[in-house]
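Chain by chain, the residues run as shown.
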Amino acid sequence: MSAVICGSFAFDTIMTFEGRFSEQILPDQLHILNVSFLVPALRRDFGGCAGNIAYGLKLLGGEPLPMATVGSDGADYLQRLESLGISTEFVRQVDDTYTAQAMIMTDRDNNQITAFHPGAMMQAHITKIAARSDIKLGIISPDGRDAMLQHAEQFKAAGIPFVFDPGQGLPMFDGKELAHFVAQSTWVTVNDYEGKMLSERIGWSSAEISRRVKGLVVTLGAEGCEVWIDGEKTVVPPVKAKEVVDPTGCGDAWRGALLHGLEQGWSLVRCAELGNKIGALKIAQRGPQNYTLESAK
């Protein structure tokens, strides 16, 4: 069975700043901010939420169906997917724009500053979702605004259970829109900051949100995560990484593990446990699509 993964494909330019952002940015001078960071290390990776999630799910033995757009420069990305055995059936190439680009700078404390150009992602709504016997579930991850709205409606109309994981796309939506996303979705996943924003905008606590879906997961980074079901919270402890090498794509690795568990019919707590383990493996290896699982299952 397959999982439709709605989200972005992007080229990630990863830069490493050997100092600390906090030592370079003066709090009392933010109104005239003008800083420059020397970044001796730089690399270019395949990234984007849909691409990263599909990569992780494929490593775990799943059959991801990423639904995303690439631009006129997307040939390398399509070849990358084909080399990994990941379907490009729902990947559309748009000729009059670039593939989305993320410029990510990480300091020595693993804080990150990101600039993101959406490019072809803004046309992701062109591709439609329909019911199909081999599609078991889906996920709405950060994508173009229209695509997130329309794909959620299409999942619901097709009777396909899906995860709503808005990530950095959450601020694009007001409280009414977010409440509608929750009403349509089967599961909701957010990090702790996004969870607070979601609750503030829709006026529901985590407990209340969890009563409206099959489950809510709030990830807490190095502190593990909270799994909320029917208003009750279970804390899933973290898995300590052997070494902190690169946090880029860690959240997407977690999402891939979540989808794998849901495909298997696992409890949400067990899915979260695997997500924490895969996230720890990912953070100890470099590149959002260059890690291995080392018998993580």
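Given the structure is predicted, the values throughout are model-derived calculations rather than measurements.

Chemist: Quick rundown of the pairing of strand β7 (residues 112-117)? Include the residues and the values.
Modeler: In this sheet, β7 lies alongside strand β6 (residues 100-106) in antiparallel orientation, the contact comprising 6 bridges. Opposite Thr106, over in β7, you have Gln112 as the bridge partner.

Chemist: Talk me through the packing of aromatic side chains; I want residue IDs and the actual numbers.
Modeler: For the coordinates displayed, the defined rule picks out 11 aromatic pairs. With a centroid separation of 5.2 Å and 70 degrees between ring planes, the pair formed by Tyr55 and Tyr291 is classed as edge-to-face. Taken together, the residues span a long stretch of sequence, with Tyr55 in helix α2 (residues 49-59) and Tyr291 in the segment after α9 (268-283) at a distance of 236 residues. Between Phe164 and Phe181, the aromatic rings sit 4.4 Å apart at their centres with planes inclined by 10 degrees, giving stacked as the arrangement. Taken together, the positions of Phe164 in strand β9 (residues 162-164) and Phe181 in helix α5 (residues 175-184) put the pair 17 residues apart, joining distant regions of the chain.

Chemist: Would you mind going over the sheet that holds strand β10 (residues 187-191) in detail, with residue names and values included?
Modeler: What the 9 strands build is an open sheet, ordered β5-β4-β1-β8-β9-β10-β11-β12-β13; its pairing is mixed. Two strands lie at the open edges of the sheet, namely β5 (91-93) and β13 (232-236), each paired on one side alone. Averaged over all neighbouring strand pairs, the angle between strand axes comes to 20 degrees, with direction disregarded. Helix α4 (residues 145-158) contacts β1 (2-6), β4 (63-70), β8 (135-140) and β9 of the sheet and is inclined by roughly 155 degrees relative to β8.

Chemist: Lay out a nonpolar patch on the surface with the relevant residues and their values.
Modeler: Together, Leu30, Leu33 and Val35 give the surface a local cluster of nonpolar side chains, amounting to about 260 Å² of exposed area. Its location among the elements puts Leu30 in the loop between α1 (21-24) and β3 (41-47).

Chemist: I'd like a description of the nonpolar core, backed by residues and values.
Modeler: Most often, soluble globular proteins have nonpolar side chains that are buried together. Membership of the largest hydrophobic core comes to 32 residues, with the highest contact counts inside it found for Val4, Ile140, Phe155, Phe164, Leu178, Val188 and Leu198. Counting residues per element, this core draws most heavily on α5, which supplies 4 residues. In contact with Phe155, not counting residues within four places along its chain, are Val4, Cys6, Ile129, Gly138, Ile139, Ile140, Ile160 and Phe162. Within the second largest apolar cluster, 31 residues are counted, among which are Cys49, Cys225, Leu262 and Leu268.

About the cut-offs
- Residues numbered from 1 in each chain as written.
- Predicted model: local features only at pLDDT ≥ 70, side-chain atom pairs only at ≥ 80, totals over all residues.
- Heavy atoms only, no water.
- Pairing = 2+ DSSP bridges.
- Helix = DSSP H or I, 4+ residues; strand = E, 2+ residues; numbered from the N terminus.
- Phe/Tyr/Trp six-rings, centres within 6.5 Å; stacked < 30°, edge-to-face > 60°.
- Axes fitted to C-alpha atoms, helices over the stretch in contact; angles between N-to-C directions.
- Contact = heavy atoms within 4.5 Å.
- Patch = residues over 30% accessible without salt bridge, like charges linked within 9 Å, V, L, I, M, F, W, Y side chains within 5 Å.
- Areas by Shrake-Rupley, 256 points an atom, 1.4 Å probe, with all protein chains shown as cover.
- Salt bridge = Lys/Arg side-chain N within 4 Å of Asp/Glu carboxyl O.
- Core = buried A, V, L, I, M, F, W, Y, C linked by side-chain atoms within 4.5 Å.
- Buried < 20%, exposed > 50% of the residue type's maximum accessible area, 1.4 Å probe, protein only.

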